[in-house]
Amino acid sequence: MAATPADVKEYPNSYVFIVGMPGLKSGDIKVQVEDDNVLVISGERNREEEKEGVKYVRMERRIGKFMRKFALPENANTDKISAICQDGVLTVTVEKLPPPEPKKPKTIQVQVA
């Protein structure tokens, strides 16, 4: 399994994962969430069909299966994830949950005895 390099950015309202996927179609890539907080990006890069009379002189591009797992922060909204593959770059955006409302102080009525 080949390690696929990735960049992760944090924006005020989202996390963005940028992964180079040269030569892959969107159907060759899977984006999943496991265990409610693990983003999994996987797929397979296949070798081109060899043509008769043609042989590789040098082969540097990786082929085979790849997988990357990223632990998502607690404030990641796993119901709001989008993935776009354009020009060989996969961009996965995970929206953040809104910050919790601050708890208002509870007032206790004091009774006269």
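Residues numbered from 1 in each chain as written. Predicted model: local features only at pLDDT ≥ 70, side-chain atom pairs only at ≥ 80, totals over all residues. Heavy atoms only, no water.

Undergrad: Could you give an account of the packing of aromatic side chains, naming the residues involved and the relevant values?
TA: Summed over the entire model, instances satisfying the criterion amount to one aromatic pair. Seen from their ring centres, Phe17 and Phe70 are 5.0 Å apart, and the 50° between their planes marks the pair as tilted. Placement of Phe17 in strand β2 (residues 14–20) and of Phe70 in strand β5 (residues 64–71) is noted, with a sequence separation of 53 residues between them. Each member of the pair Phe17 and Phe70 is classed as buried. Over the face of the ring belonging to Phe66 we find Arg45, whose NZ or CZ atom lies 5.3 Å from the ring centre. Of note, Lys96 hangs over the ring of Tyr15, and the distance from its end group to the ring centre comes to 4.9 Å. (Phe/Tyr/Trp six-rings, centres within 6.5 Å; stacked < 30°, edge-to-face > 60°. Helix = DSSP H or I, 4+ residues; strand = E, 2+ residues; numbered from the N terminus. Buried < 20%, exposed > 50% of the residue type's maximum accessible area, 1.4 Å probe, protein only. Lys NZ or Arg CZ within 6 Å of the ring centre and 35° of its normal.)

Undergrad: Now, about the sheet that holds β5: what can you tell me, with residues and values included?
TA: In spatial order, the strands read β3-β4-β5; together these three strands make up an open sheet with antiparallel pairing. Every interior strand has two partners, whereas the edge strands, β3 (29–34) and β5, have only one. Strand-to-strand, the axes of this sheet are offset by a mean angle of 15°, without reference to chain direction. The pairing of β3 with strand β4 (residues 38–45) spans six bridges and is classified as antiparallel. Counterpart to Gln32 in the pairing with β4 is Val40. (Pairing = 2+ DSSP bridges. Axes fitted to C-alpha atoms, helices over the stretch in contact; angles between N-to-C directions.)

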